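If you want the building blocks of each chain, they are given just below.
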Amino acid sequence: MRNRSLWRLVLVMTAVLSLVAAACGDDDDDDVEAGDEGTTTVADDTEDDESSDTTEAAEDGAEGESDGAAAADLKACEVTDEGGVDDRSFNQIAYAGLQRAESELGVETALAESDSPADYGPNIEAHLGADCDLIITVGFALGDATAAAAAENPDVNFAIVDFAYEEPIDNVLGLTFATDQAAYLAGYVAAGMTETGTIGTYGGANFPTVTIFMEGFRLGMEQYNEDNGAEVELVGWDGSDGLFTGDFTDQSKGRQTTESLLDQGADIIMPVAGPVGLGTLEALKADSGGNAKAIWVDTDGCESVPDDCQYFLTSVQKQMDNAVFDVVESAVNGEFEGGGVYTGTLENEGVTIAPYNEFEDEVPQELKDRVDELREQIISGELTVGG
């Protein structure tokens, strides 16, 4: 009897303590905390009632507790390329995948923004010092820094956007994208919509992850010429060399380069240069001579730069957010596998072209149908883009 009474006392005390904890829950500090070396740790901003959570956990049983613990125990961290997370292009879309993982999977996340290549190594080291379980680096330029950190920290998992190592690294997963497939479709559309017979492109730097867009764009234009006996020309890329601004941050270079392309007669221009491409929009706004248009890359321009939607014929989308989310989810589930490569394609919807948005009624149905046909040919393997 004395044991049973003692047990009842324990239950009563437990209930009292739970109520006290719930009452104090509103005082918890869920603010964003600034980490070392420019790293920002994004705290869990879900404002839920702790006593309610306790009750639900008890009702869900041991299996629910185990799943929650797996997510809570994982810390996923990201390092941007230069240009920062608000570039309305490359870094921004990758970070959206990390934010989604935080929201949907309940993982702890952290972000380190790079202002220059000199920040890559220190930002990765800051994440390592903060006990990140998975570090995602964003961009081809972070290849060397990621490889060095992975070699020195074999117990930490890494993923890198837009890079694949010739010699696989056991704890690194490459996230690559066949953007030439989607750019091919965009090149076909541009060739079918130009009024001057000239289209243009330029890149931020002569990286494979940049030129793959430009080459796909060129090949799509050539397909249009072959189909229609046309002679549309591309300026800014000849299949082996082209026009580059030299960085991904100076928007004035984007404007100057675009003005040069406009002077050469191009009326549809695809910048592959991150925030530098915003300079293209400034040039188009200032152009009093006509109806020049842009093709955005990485994101749907009408979503990332909505105020300038009237300039975007379409966009070549690289679904990096989905890839980043998937790799975090695999880590949460204990299924992360390094040493390999994920490739986003038209078939798995890792790449695509955006809707024609404000030009939906201007693009001829015959051209739309041919683009859809080419898409299916690429997916089926009947048509191969690039090497």
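Owing to the predicted nature of the structure, the values given are computational and were not obtained by experimental measurement.

Trainee: How do you make sense of the environment of D308 when you look at a structure like this?
Mentor: Here D308 is to be found in the loop between α11 (301–304) and β12 (312–318). Exposure remark for D308: the relative accessible area of 9% places this residue in the buried category. Through-space distance from the C-alpha of D308 to that of E282 is 9.7 Å; in sequence the pair is 26 residues apart. Look past the residues within four positions of D308 in its chain and what remains in contact with it is L281 and K285. Side chain to side chain, D308 and K285 meet in a polar contact 3.1 Å long.

Trainee: Is there a simple way to think about the pattern of salt bridges in this case?
Mentor: Between side chains of opposite charge, pairing is possible as soon as their charged atoms come close. If you walk through the whole model with that rule in mind, you get 13 salt bridges. With a closest N to O distance of 2.6 Å, R218 and E215 form a salt bridge. Note that R218 and E215 are positioned in helix α8 (residues 208–228) at a spacing of 3 residues, about one turn of the helix. The residues R218 and E215 share a single accessibility class, namely buried. Residue D247 is joined to K253 by a salt bridge in which the shortest nitrogen-to-oxygen separation is 3.0 Å. Look at D247 and you get buried, because its relative accessible area is 15%. One salt-bridge network, held together by shared partners, links D162, D298 and K318.

Trainee: Would you explain empty space enclosed by the protein in this entry?
Mentor: Where empty space is left in the structure can be found by rolling a water-sized probe over the atoms. Evaluation of the coordinates by the stated rule reveals 1 cavity of 30 Å³ or more. Considered as a void within the structure, the largest cavity measures approximately 240 Å³ in volume. Taken together, 21 residues form the lining of the largest cavity, with D81, F90, V210, F248 and D298 sitting closest to its centre. For the lining of the largest cavity, the secondary-structure elements that each account for two or more residues are β3 (75–82), α4 (90–105), α8 and β11 (293–298). Of the residues forming the lining of the largest cavity, the biggest block, 3 residues, is contributed by α8.

Trainee: For this particular structure, what's the right way to read helix α6 (residues 143–152)?
Mentor: Helical geometry note: an α-helix holds 3.6 residues per turn, so side chains three or four residues apart project in the same direction. Within α6 the residues assigned to the buried category are G143, T146, A149 and A150. When α6 is viewed along its axis, its buried side chains cluster within an angular range of 135 degrees and face the same direction. Turned more than 90 degrees away from the buried face of α6, the exposed residues are D144, A151 and E152. Along its buried surface, α6 packs onto α5 (120–129), β5 (134–138), β6 (157–161) and β7 (172–177).

Trainee: How should the state of the cysteines be read in this particular structure?
Mentor: Applying the stated criterion across every chain yields a total of 2 disulfides. Each sulfur of the disulfide joining C302 and C309 lies 2.0 Å from the other. Here C302 and C309 share a disulfide; its torsion about the S-S bond, 85 degrees, makes the bridge right-handed. Side by side, C302 and C309 carry an identical accessibility label, which is buried.

Trainee: I tried to follow the packing of aromatic side chains on my own but got confused; where do I start?
Mentor: Within a pair of aromatic rings, the relevant descriptors are the distance that separates the centres and the angle that separates the planes. In the structure shown here, the tally under the stated rule is 7 aromatic pairs. Residues F163 and Y165 carry aromatic rings whose centres are separated by 4.6 Å and whose planes lie at 70 degrees to one another, so their mutual orientation is edge-to-face. Look at Y165 and you get buried, because its relative accessible area is 19%. Between the aromatic rings of F207 and F248, the centroid separation amounts to 6.1 Å while the plane-to-plane angle is 25 degrees, which identifies the pairing as stacked. Of this pair, F207 sits in the loop between β8 (198–203) and α8 while F248 sits in the loop between β9 (233–235) and α9 (251–263), and the two are 41 residues apart along the sequence. Residue classification places F248 among the buried residues on the basis of a relative accessible area of 15%. Every member of this aromatic cluster is reached through a ring pair, and the members are F140, F163, Y165, F207 and F248. Geometry around F325 places R100 over its ring, the cationic atom sitting 3.7 Å from the centre.

Trainee: What is the right way to look at the nonpolar core in this model?
Mentor: A general feature of soluble globular proteins is that nonpolar side chains tend to end up buried together. Ranked by internal contacts, the top residues of the largest apolar core, which has 71 residues, are V161, I295, V316 and V328. Ranked by residue count, the leading element in this core is helix α7 (residues 179–193), at 10 residues. Sequence-distant contacts of I295, defined by excluding residues within four places in its chain, comprise A186, A190, F217, I268, I269, M270, P271, L313, T314, S315 and V316.

Trainee: Sorry if this is basic, but what is going on with the sheet that holds β9 here?
Mentor: Pairing is mixed in the open sheet, where 6 strands are placed in the order β9-β8-β10-β11-β12-β14. A single partner strand is all that each edge strand has here, and the edge strands are β9 and β14 (351–353). Neighbour to neighbour, the strand axes of the sheet diverge by 15 degrees on average, direction disregarded. In the sheet, β12 pairs with β14 via 3 bridges, with the strands oriented antiparallel. By the bridge assignment, K318 is partnered in β14 with V351.

Calculation rules
Residues numbered from 1 in each chain as written. Predicted model: local features only at pLDDT ≥ 70, side-chain atom pairs only at ≥ 80, totals over all residues. Heavy atoms only, no water. Helix = DSSP H or I, 4+ residues; strand = E, 2+ residues; numbered from the N terminus. Buried < 20%, exposed > 50% of the residue type's maximum accessible area, 1.4 Å probe, protein only. Contact = heavy atoms within 4.5 Å. Polar contact = N/O pair within 3.5 Å; in protein donor to acceptor, adjacent residues only side chain to side chain. Salt bridge = Lys/Arg side-chain N within 4 Å of Asp/Glu carboxyl O. 1 Å grid on protein atoms, 1.4 Å probe; cavity = no way out; pocket = protein on both sides within 12 Å on 5 of 7 lines; lining within 4 Å. Points joined across faces, edges and corners; volume = space filled by probe spheres on them. Arc of directions from axis to C-beta. Disulfide = S-S within 2.5 Å. Phe/Tyr/Trp six-rings, centres within 6.5 Å; stacked < 30°, edge-to-face > 60°. Lys NZ or Arg CZ within 6 Å of the ring centre and 35° of its normal. Core = buried A, V, L, I, M, F, W, Y, C linked by side-chain atoms within 4.5 Å. Pairing = 2+ DSSP bridges. Axes fitted to C-alpha atoms, helices over the stretch in contact; angles between N-to-C directions.

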